[in-house]
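# Fold and geometry: a report
One letter stands for each residue in the lines below.
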Amino acid sequence: MRQPFRRELSNLIERGRDRQLRLAVTGLSQAGKTAFLTSLINQLRHAGVEAQLDMLPAAREGRLLGAQRLNQPDLGVPRFPYDPGMAALRETPPRWPAPTRGISELRLQLRYRPAQQGWLSPDIAHLTLDLFDYPGEWLLDLPLLQHDFYSWSQAQPLHTGDQRRALFSEWLAEVETLDPAAEADEAQLASLAEAYAQGLRRAKQAGFSNLQPGRFLLPGELDGAPVLQFFPLPQLSMSKEALDALPPNSLYATLAARFRYYQQQVVRPFYRDHFRRFDRQIVLVDVLGALNAGPERFEDLSQALGQLMQSFDYGKRSLLTRLFAPRIDKLAIAATKADHVTPDQHGHVVQLLEALLAEPLKDLRFANVPVKALSLAAIRATEAREVMHNGKRSPALRGTTLEGEDVLVYPGDVPPRLPTHDFWHQQGFDFPSFRPMDTPSDALAHIRMDAVIDWLIGDKLV
Ligand SMILES: Nc1nc2c(ncn2[C@@H]2O[C@H](COP(=O)(O)OP(=O)(O)O)[C@@H](O)[C@H]2O)c(=O)[nH]1
Ligand SMILES: [Mg+2]
């Protein structure tokens, strides 16, 4: 075959099989997933005209023509509420998109002009992007699939950290008097399960992340169902063998059976239907929020993310593995809400993110999966300014707080490493939550959405 022809043909095959991309937007509750998806859709829809996407070559070169919503493949799942989210952002005063309470999907078709025009390549090509959104609380159920009831009970961080232990103290005191071999008392199980759920809700309120089971926080359609009436048994004094041999009506066996049911009937279908098949992934982390919340919660977030990333299948893929065993072959990890700090701190934010995810990053590097770490603001709520301070220029942020107060602040220095004891005690970190800015143009203001879009899908738009 002649060289040019062969190249054309291989381009064509390449495009043909990569027309579709499933992007996993992962992050714990409040990480910024819904804001990210809203901004992603918004930027791509306005790519040709108003969106500021200079870091994305297809947009910069004017080849990205825009994006259209298509009917999604799964008719049983609600559509991602993009229009309501945009409407909230355009209200006076603007509001953040409403928190996610269930699963939703969106299929976006991008139209672009291939960079190299040849007699075999089409004038206009398409890339279909499948996106879905879900409550972050449910994501932490994925690590629960790797456990049985015994190991799960032991893995729950109920005794680590003073603040966390305090939130569960009453429940712990009662659970520690239970005899695993005693006959299960339904009413007692129901009330202890409710008390455990309350502990999880309080811990969530207090900013903790590593909270399982996720449906206890946001039950969805399972509200009040007996499948949610279990809890871990910490500090078991009997051996696993002895526990496994207990009769089915014993307390231990009853809780273990409910745990298995939850795993098989709630978590596994969620994983199978939504998390098994992904091509690319972005992990969103509210690093700055964790820094604001203090050392115990910062460590808790690190634990939760480490566990979580073991639930995904990473690795290079060939045409065959793509067809039969899809894998995530490229990944971005992003510190969200970067507009909470001044631009000179963004480098440190990324270093801190890398330190927080050091363990999972090591595994990814070992698996030879390309990963990019960056900081971004999906929907920028502040403007970077400079103020004169003691005769020197220094950076500052201007924004409006959620309460409607206009402020000019310097939120603090971000440590480039995991914060030390001294950092927490001397320096700390403090910033307000901002209200979104008015959006005069169609495209939302952002920080580095273009860089992240380029990393995640740019290679498919050539
Ligand atoms: N300043 C700022 N705040 C953000 C940004 N993205 C999200 N937030 C804030 O974080 C909250 C949670 O975001 P959301 O997308 O709902 O998180 P999710 O739970 O992961 O879907 C929002 O209500 C905003 O207050 C951002 O880019 N900039
Ligand atoms: Mg959400």
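In the annotation of an unreviewed UniProt entry, the entry for the chain reads YcjX family protein, and the organism field reads Vreelandella gomseomensis.

This part takes up the sheet that holds strand β1 (residues 20–27). If you trace the seven strands from one edge of the open sheet to the other, you get β2-β3-β4-β1-β5-β6-β7, paired in mixed fashion. Looking at strand neighbours, the two that pair on one side only are β2 (64–70) and β7 (371–375), the edges of this open sheet. Neighbouring strand axes in the sheet, compared pairwise and without regard to direction, differ in orientation by 20 degrees on average. Where β1 lies against strand β5 (residues 280–285), five bridges are found, and the strand directions are parallel. Counted as the bridge partner of Thr 26 is Val 283 from β5. Relative to the sheet, helix α18 (residues 449–457) contacts β1, β3 (104–112), β4 (125–133), β5, β6 (330–335) and β7, its axis offset from that of β5 by approximately 150 degrees.

Next up on the list: the site of ligand 1. Close to ligand 1 lie 16 residues, the nearest being Gln 30, Lys 33, Thr 34, Ala 35 and Asp 339. The separation between an oxygen atom of ligand 1 and a polar main-chain atom of Ala 35 is 2.8 Å. A per-class count over the shell around ligand 1 returns eight nonpolar, five polar and three charged.

Our focus in this paragraph is the coordination of the magnesium ion (ligand 2). Octahedral six-donor coordination of a metal ideally yields angles of 90 or 180 degrees, compared with 109.5 degrees for tetrahedral four-donor coordination. Looking at the magnesium ion (ligand 2), the protein donor atoms are Thr 34 (OG1) and Thr 100 (OG1), and they sit 2.1 Å from it. With Thr 34 in helix α2 (residues 33–45) and Thr 100 in the loop between α4 (82–89) and β3, the pair connects residues that are 66 residues apart, well separated along the chain. You can call Thr 34 buried: its relative accessible area is 16%.

Attention now goes to the domain arrangement of the chain. Looking at the assigned domains, one finds that the chain contains domain 1 (14–137 + 273–381 + 440–460), domain 2 (142–269) and domain 3 (383–427). A straight line from the C-alpha centre of domain 1 to that of domain 2 covers 33 Å. Listed per partner, the contact involves 19 residues of domain 1 and 19 residues of domain 2. Of the roughly 1,700 Å² buried between domain 1 and domain 2 on both sides combined, carbon and sulfur atoms contribute 49%. Three residues stand out in domain 1 for area buried against domain 2, namely Glu 137, Glu 296 and Arg 297, and they jointly supply 39% of the buried area on that side. Between domain 1 and domain 2 we count two salt bridges in total.

The subject of this paragraph is the sheet that holds strand β10 (residues 406–409). Strands sit in the order β8-β9-β10 across an open sheet of three strands; the sheet is antiparallel. Since the sheet does not close on itself, it has two edges, and those belong to β8 (382–389) and β10, each with one partner. Each strand axis lies, on average, 35 degrees off the axis of its neighbour in the sheet, ignoring direction. The pairing of strand β9 (residues 392–400) with β10 spans four bridges and is classified as antiparallel. In the sheet register, Gly 399 faces β10, and the bridge partner there is Val 407.

With respect to the helices and strands, the residue His 46 is situated in the loop between α2 and α3 (57–60). In this structure His 46 comes out as buried when scored by relative accessible area, which is 15%.

We now examine the pattern of salt bridges. For the structure shown, the criterion picks out 19 salt bridges. Residues Arg 107 and Asp 130 are paired through a salt bridge, measuring 2.7 Å at the closest nitrogen-oxygen approach. Taken as a pair, Arg 107 in strand β3 and Asp 130 in strand β4 lie far apart in primary sequence, 23 residues in all. Taken individually, Arg 107 and Asp 130 each receive the classification buried, so the pair is uniform in this respect. Linking Asp 273 and Arg 272 is a salt bridge whose minimum nitrogen-to-oxygen distance equals 3.3 Å. With a relative accessible area of 45%, Arg 272 lands in the partly exposed category. The network of salt bridges with common partners includes Asp 148, Lys 240 and Asp 244.

Inspection of the secondary structure assignment puts Asp 223 in the loop between α9 (186–205) and α10 (240–244). Once the C-alpha coordinates of Asp 223 and Arg 101 are considered, the two residues, 122 residues apart in sequence, prove to be 13 Å apart.

Moving on: the packing of aromatic side chains. Throughout the structure, instances matching the rule amount to 25 aromatic pairs. These aromatic residues form a ring-pair network of at least three members: Phe 149, Trp 152, Phe 168, Trp 171, Tyr 196, Phe 216, Phe 230, Phe 231, Tyr 252, Phe 259 and Tyr 262. The positively charged end of Lys 33 is found above the aromatic ring belonging to Tyr 134, 5.8 Å away from the centroid. Above the face of the Phe 270 ring, Arg 215 is positioned so that its terminal group lies 5.9 Å from the ring centre.

Thresholds applied
Residues numbered from 1 in each chain as written. Chains lettered and ligands numbered in written order. Predicted model: local features only at pLDDT ≥ 70, side-chain atom pairs only at ≥ 80, totals over all residues. Heavy atoms only, no water. Pairing = 2+ DSSP bridges. Helix = DSSP H or I, 4+ residues; strand = E, 2+ residues; numbered from the N terminus. Axes fitted to C-alpha atoms, helices over the stretch in contact; angles between N-to-C directions. Contact = heavy atoms within 4.5 Å. Near = heavy atom within 4 Å. Polar contact = N/O pair within 3.5 Å; in protein donor to acceptor, adjacent residues only side chain to side chain. Nonpolar A, V, L, I, M, F, W, Y, C, P; charged D, E, K, R; others polar. Donors = N, O, S within 2.8 Å, 3.2 Å for Na, K, Ca; no water. Buried < 20%, exposed > 50% of the residue type's maximum accessible area, 1.4 Å probe, protein only. Domains from an automatic or database assignment. Buried area = accessible area lost by both parts, 1.4 Å probe. Salt bridge = Lys/Arg side-chain N within 4 Å of Asp/Glu carboxyl O. Phe/Tyr/Trp six-rings, centres within 6.5 Å; stacked < 30°, edge-to-face > 60°. Lys NZ or Arg CZ within 6 Å of the ring centre and 35° of its normal.

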